[in-house]
Amino acid sequence: MKTNRSILVALFLGLVVGGSFAAAAADGASPSGALYRVLVVDGTKTLASTLRVVGLAGGIRQSGVADVVILLADSLGPFADPLRNLPRPESPFDLILIVPRGIDDGTATRIWILVAGDPRENPLAAQAVELLRSGIDRAFAGIASAVGPLDDLWAALTASCSVQEGWLQ
């Protein structure tokens, strides 16, 4: 019964997040529809957490504001760099979300939002970070919160490394 409830909650959250992104899309979508390319790195190990990640990614994708790619990570601890030693993507992403394994058991409480540079200097990046933060806070309410490069040095350093390695633009 609890699993069914988790599935329903994840689906509902996906719709709520999708609505938030759809509203943003109406404000300034490009002709192709997608303003951003988002990589979601999923290091979770339980069905409930994975459904939350899928609901978040589905909401973003349905909005049409961003193209979303999900990368599953096997051993992703709270401060691991999941992209190190992986081949570079064909084109870099605008934002990267890292959902670590510890979300499942409460040993990690942060979901990392990586963006190149200071998002305050780029209005589109600032808007994307706030939309993602809102979606993460809804999907992972009470379990984890969104942390960006202006909130934590680890997110800023990891974003810088991701830019140098060709994952982030």
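That block above? That's the structure.
Everything numeric in this text was worked out from a predicted model, so none of it was measured. (Residues numbered from 1 in each chain as written. Predicted model: local features only at pLDDT ≥ 70, side-chain atom pairs only at ≥ 80, totals over all residues. Heavy atoms only, no water.)

Describing the overall build of the protein chain
Here is step 1: Along its length, the protein chain carries four helices and five strands.
Here is step 2: Along the protein chain, helices (α) and strands (β) appear in the sequence α-β-α-β-β-β-α-β-α when read from the amino end.
Here is step 3: Looking at the protein chain as a whole, 46% of its 169 residues qualify as buried.
Here is step 4: Sequence-distant contacts in the protein chain: of pairs separated by 6 or more residues, those separated by 24 or more amount to 76%.
Here is step 5: In the form shown here, the protein chain has an accessible surface area of approximately 8400 Å², with 57% of it arising from carbon and sulfur atoms. (Helix = DSSP H or I, 4+ residues; strand = E, 2+ residues; numbered from the N terminus. Buried < 20%, exposed > 50% of the residue type's maximum accessible area, 1.4 Å probe, protein only. Contact = heavy atoms within 4.5 Å. Areas by Shrake-Rupley, 256 points an atom, 1.4 Å probe, with all protein chains shown as cover.)

Comments concerning the packing of aromatic side chains
Here is step 1: Summed over all chains, the structure comprises one aromatic pair.
Here is step 2: Here the aromatic rings of Trp112 and Trp154 are separated by 4.5 Å at their centres, their planes lie at 50°, and the arrangement is tilted. Remark: Trp154 occurs in helix H4 (residues 153-164) and Trp112 occurs in strand S4 (residues 110-115); sequence separation between them is 42 residues. Trp154 shares its class with Trp112; the two are buried. (Phe/Tyr/Trp six-rings, centres within 6.5 Å; stacked < 30°, edge-to-face > 60°.)

Concerning the nonpolar core
Here is step 1: Of all hydrophobic cores here, the largest spans 27 residues; its most connected members are Leu95, Leu97, Ile113, Ile136 and Phe140.
Here is step 2: Within the residue set of this core, elements represented by two or more residues are strand S1 (36-42), helix H2 (47-63), strand S2 (66-72), strand S3 (95-99), S4 and helix H3 (123-139).
Here is step 3: It is H3 that contributes the most residues to this core, six residues altogether.
Here is step 4: Not counting residues within four places of it along the chain, the set of residues in contact with Leu95 comprises Tyr36, Arg37, Val38, Leu39, Ile113, Leu114, Val115, Ala128, Val129, Leu132 and Leu168.
Here is step 5: Counting residues in hydrophobic clusters, the runner-up holds 15 residues, among them Ala73, Trp112, Trp154 and Leu168. (Core = buried A, V, L, I, M, F, W, Y, C linked by side-chain atoms within 4.5 Å.)

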